[in-house]
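Each chain is listed here by its residues.
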Amino acid sequence: MPIASTVASPAAAPVRPWYSHRWPWLLMIGPVFVLVGGGVAGSLALSRPDAMVVDDYYKQGKAINQDLRRDRAATALAIAFEASYDAGAGVLSGAVTSGGAPLQAPLHIYLAHPTQPGKDLQLLARPGSDGRFAVPVAKLEATHWQVVVEGARREWRVARSWSWPRESALAIHADAPTAPAP
C-alpha cells in the first residue's frame, strides 16, 4: 500500500510579500511613535526658548544685593502695601502707607507671571492724599503672581507672591526694623 504524502508542495501555497502581513507593521508602530514624538518635542524646544535662563550671572548677583538695600530702606520707612483686584471693573485698587501715614508719592507695581514673561504687567500708581490708588488692569490671569512694589525712584521695595483669585486681597508689609545692639 502506497503512503500518501501530507506535505504540501511549495507551489500550492503562494508566498506573500512581507508588507502584506500585519506583524511587521505592529512591530514598527512603536519606533514610529517615538520618532514622531521626538520630532514634536524637538520642534517645541527650538520654537520656545527657556525664558528663565540668565546670560550674566555676575550682573544678576549685583542686582540682588541692590534689592536687599531697597528692602532695608522699605523696612526703615515701614512701608505697607494693600491691594485687591476687582475682575468685573478691571481695577487693581488699594492703599500704601509709610509708618502708618498715607504715602502720596507715585509707585511702580510689577506683577510677574511665573512662567511667561510676555504676560508680566508693569503698573504706575499715583496714590491720592489718603494713600489710596486705583489702576486699570485689563484682565488678571488666575495664577501665582510675583508682586514687587517700588518707589518711583526705586529707593525702596517690598515683594511677595500672590495667588489670585484664591487670595482675594494682597497685603505686603516691610519687615519690622531691628533695634540696634546696645
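A brief structural summary.

Reading the values: rules and limits
Residues numbered from 1 in each chain as written. Predicted model: local features only at pLDDT ≥ 70, side-chain atom pairs only at ≥ 80, totals over all residues. Heavy atoms only, no water. Pairing = 2+ DSSP bridges. Helix = DSSP H or I, 4+ residues; strand = E, 2+ residues; numbered from the N terminus. Axes fitted to C-alpha atoms, helices over the stretch in contact; angles between N-to-C directions. Buried < 20%, exposed > 50% of the residue type's maximum accessible area, 1.4 Å probe, protein only. Contact = heavy atoms within 4.5 Å. Phe/Tyr/Trp six-rings, centres within 6.5 Å; stacked < 30°, edge-to-face > 60°. Salt bridge = Lys/Arg side-chain N within 4 Å of Asp/Glu carboxyl O.

The next subject is the sheet that holds strand β8 (residues 157-164). Taken in spatial order, the four strands make up an open sheet running β5-β4-β7-β8, and their pairing is antiparallel. This sheet does not close on itself; its edge strands, each paired only once, are β5 (121-125) and β8. Ignoring strand direction, the axes of neighbouring strands in this sheet form an average angle of 20°. Where strand β7 (residues 143-151) lies against β8, eight bridges are found, and the strand directions are antiparallel. If you follow Thr143 over to β8, its bridge partner there is Trp164.

Glancing now at the side chain of Thr143. Structurally, Thr143 is set in strand β7. Residue classification places Thr143 among the buried positions, given a relative accessible area of 18%. If near-sequence neighbours (up to four positions away) are discounted, Thr143 is found in contact with His113, Pro114, Trp162, Ser163 and Trp164.

Here we come to the packing of aromatic side chains. For the coordinates displayed, the defined rule picks out four aromatic pairs. For the ring pair Trp18 and Tyr19, a centre distance of 5.9 Å and an interplane angle of 85° mean the geometry is edge-to-face. With respect to class, Trp18 is no different from Tyr19; both count as exposed. Joined through ring pairs, the aromatic side chains of Trp18, Tyr19 and Trp25 make up one cluster.

Moving on: the pattern of salt bridges. Tallied over the full model, the rule gives five salt bridges. In this structure, Asp71 and Arg157 form a salt bridge, with 2.9 Å as the shortest nitrogen-oxygen distance. Taken as a pair, Asp71 in helix α2 (residues 57-77) and Arg157 in strand β8 lie far apart in primary sequence, 86 residues in all. Its salt-bridge partner being Arg154, residue Glu150 comes within 3.7 Å of it at the nearest N-O pair. On the basis of relative accessibility, which here comes to 47%, the residue Arg154 falls in the partly exposed class. The structure contains a network of salt bridges with shared partners spanning Arg70, Glu150 and Arg154.

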